[in-house]
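So you can see what is in the structure, the chains are spelled out below.
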Amino acid sequence: MGLLSGMMGNASKLDPRDAAKEFGRLLAQGEQIHAAYQLMRDSFLFTDRRLILVDKQGMTGKKVEYHSVPYKAITQFSVETAGTFDLDAELKIWISGSDAPISKQFGKGVDVYEVQALLAAFVAR
């Protein structure tokens, strides 16, 4: 991921095997990471059971919040593709009991259709 892309808040794709090595302690027995994305310090992981948002906090990033969202709690989601002048694609996810969506931006190197298909497969179960 480019430094400028990370500073702008855009996510880039991570190899799921690398993400499993780094975040394996978060996974339940048999749970697998299907896709992973990283911002400058934060990450989000799509497993076969839930969405995990990793929020590194503070100056050193040693304090970390792990937010686990079961797919059944996702009430709706939207993807917005990149345009000619707006080079970022955007994902919004609404969680039951919350008015504001979780919003993540993807750089042009991420296939937002892949992200949408992954969410559709898991949320529609």
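Just so it is clear, the structure is predicted and the values come from calculations on it, not from any experiment. Starting from 1, residues in each chain are numbered consecutively following that chain's sequence as written. Local features are withheld for residues below a pLDDT of 70 in this predicted model, meaning they are given only at 70 or higher, and side-chain atom pairs are given and counted only at 80 or more; totals for whole chains, interfaces and linings count all residues. Computation of side-chain values covers all heavy atoms of the structure but excludes hydrogens and water.

Caption draft 1: Representation of the environment of Ser43. Put simply, DSSP H or I for four residues or longer makes a helix, DSSP E for two residues or longer makes a strand, and each gets a number counted from the N terminus. Positionally, Ser43 belongs in strand β3 (residues 43-47). Taking the C-alpha atoms as reference, Ser43 lies 8.6 Å from Lys56; in sequence the two are 13 residues apart. Ignoring anything within four residues of it in the chain, the contact list for Ser43 reads Phe23, Tyr37, Gln38, Ile52, Leu53 and Val54. Contacts between residues were defined by any pair of non-hydrogen atoms, one from each residue, lying within 4.5 Å.

Caption draft 2: Quick look at the side chain of Glu31. Its place among the elements puts Glu31 in the loop between α2 (16-23) and β2 (33-38). Identification of polar contacts relies on pairs of N or O atoms within 3.5 Å, with a donor-acceptor requirement for protein atoms, meaning one able to donate a hydrogen and the other able to accept it, and with residues adjacent in sequence counted only if both atoms are side-chain atoms. One polar contact links the side chain of Glu31 to the main-chain amide nitrogen of Ala28, over a distance of 2.8 Å. Those residues in contact with Glu31, other than ones at most four positions away along the chain, are Leu26, Thr47, Asp48, Arg49 and Arg50.

Caption draft 3: Region of interest: the nonpolar core. Of all hydrophobic cores here, the largest spans 22 residues; its most connected members are Tyr37, Phe46, Leu51, Ile93 and Phe106. Per element, the largest residue contribution to this core is 5 residues, and it comes from helix α3 (residues 112-123). Here Ile93 is in contact with Leu51, Ile74, Gln76, Phe77, Pro101, Ile102 and Leu119, once residues within four sequence places are set aside. Of all hydrophobic cores here, the second largest spans 9 residues; its members include Leu14, Phe23, Ile33 and Val54. As used in this record, nonpolar core signifies buried Ala, Val, Leu, Ile, Met, Phe, Trp, Tyr and Cys residues forming a set joined through side-chain atoms within 4.5 Å. Buried residues are those whose accessible area, probed at 1.4 Å on protein chains only, stays under 20% of the maximum for their type, while exposed residues exceed 50% and partly exposed ones sit between those limits.

Caption draft 4: Region of interest: the environment of Arg49. Considering the arrangement of structural elements, one finds Arg49 in the loop between β3 and β4 (50-57). For Arg49, a relative accessible area of 42% puts it in the partly exposed group. Separated by 16 residues in the primary sequence, Arg49 and Ile33 have C-alpha atoms spaced 8.9 Å apart.

Just distances and angles here, no functional claims.
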